[in-house]
Amino acid sequence: MSAVVIFVIVLFILFVIAFASKRRFGMLGLALAAGSVLSSLCADDLTTIVREFGAALLSPPLGAVVSAVLVLLPATALLMTGAKYKKVTHRIAGSLLFSVLGTALLLEPLGQALILQGPGRELFDVATLYQKYIVSIGIFLAVIELLIAPSPNKHKDAKH
């Protein structure tokens, strides 16, 4: 299967998951960033531990699978709870941002797992070239969305 098709599938799956959950992008985007940090800090050690428990993969490499799981794990946990979008247009925009940021953060594991050649290699090189900008803008937008989003629980002053 072409690397381009794999990138489109990853984008689509992340979009559908975020859209179906109706969760707001702000917290999910920051969870993806936290997962990326966890992946960079723990993936090698965790891969060794998983391999010692008997898990062995050749294609895709076990290290790439562990890295991808670590990137997505915090966001996956937050898909069950948190503020939701009420309008479909907001859900679409938030889901699109989530899928683009998630795919950008998954570039390293995808690069390890895929055999890149031809158009897939060109796409990967362009995505890698712009990865830091995509991730920076995504995290910035996630923080902004958290700051401007109305609080889901507005407490009124209780009078006794």
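Residues numbered from 1 in each chain as written. Predicted model: local features only at pLDDT ≥ 70, side-chain atom pairs only at ≥ 80, totals over all residues. Heavy atoms only, no water.

**Some thoughts on the packing of aromatic side chains**
So, step 1. Under the counting rule described, the total for this entry stands at three aromatic pairs.
So, step 2. Measuring from ring centre to ring centre gives 6.3 Å for F7 and F124, while their planes differ by 25°; the resulting arrangement is stacked. With F7 in helix α1 (residues 3-21) and F124 in helix α6 (residues 119-148), this pair connects stretches of sequence that are 117 residues apart. Neither residue differs from the other here; F7 and F124 are each classed as buried.
So, step 3. Ring centres of F15 and F19 lie 5.9 Å apart, and the angle between their planes is 10°; this geometry places the pair in the stacked category. One end of the pair, F15, and the other, F19, are both in helix α1, four residues apart, so they sit about a helical turn from each other. (Phe/Tyr/Trp six-rings, centres within 6.5 Å; stacked < 30°, edge-to-face > 60°. Helix = DSSP H or I, 4+ residues; strand = E, 2+ residues; numbered from the N terminus. Buried < 20%, exposed > 50% of the residue type's maximum accessible area, 1.4 Å probe, protein only.)

**Examining the packing of helix α4 (residues 88-105) against α6**
So, step 1. Viewed as axis vectors pointing N to C, α4 and α6 meet at an angle of 140°, and their least axial separation amounts to 9 Å. Here α4 lies oblique to α6, going by the angle between them. Here α4 runs over α6; the crossing is left-handed. Contacts between α4 and α6 involve L97, V100, L101, A104 and L105 from the first element and Q131, I134, V135, G138 and L141 from the second. (Axes fitted to C-alpha atoms, helices over the stretch in contact; angles between N-to-C directions. Parallel < 35°, antiparallel > 145°, perpendicular 65-115°, else oblique. Left-handed = near helix turned anticlockwise from the far one by under 90°. Contact = heavy atoms within 4.5 Å.)

**Observations regarding the environment of S99**
So, step 1. Along the polypeptide, S99 turns up in helix α4.
So, step 2. C-alpha of S99 to C-alpha of A113: the two residues are 14 residues apart in sequence and 19 Å apart in space.
So, step 3. Filtering out sequence-adjacent residues up to four positions away, S99 remains in contact with L11, L14 and F15.

**Re the confidence of the model for the protein chain**
So, step 1. The pLDDT averaged across the protein chain works out to 86; a share of 92% of its residues lies at or above 70.
So, step 2. When pLDDT is averaged over each helix and strand of the protein chain, the minimum, 83, is found for helix α5 (residues 107-113) and the maximum, 94, for α4. (pLDDT = per-residue confidence, 0-100.)

**A look at a nonpolar patch on the surface**
So, step 1. A surface patch of nonpolar side chains, amounting to about 1200 Å² of accessible area, comprises L97, V126, L129, Y130, Y133, I137, F140, L141, V143, I144, L147 and I148.
So, step 2. Take the nonpolar patch: its biggest share by element is eleven residues, from α6.
So, step 3. Topologically, L141 is positioned in helix α6.
So, step 4. A relative accessible area of 30% means that L141 is categorised as partly exposed. (Patch = residues over 30% accessible without salt bridge, like charges linked within 9 Å, V, L, I, M, F, W, Y side chains within 5 Å. Areas by Shrake-Rupley, 256 points an atom, 1.4 Å probe, with all protein chains shown as cover. Salt bridge = Lys/Arg side-chain N within 4 Å of Asp/Glu carboxyl O.)

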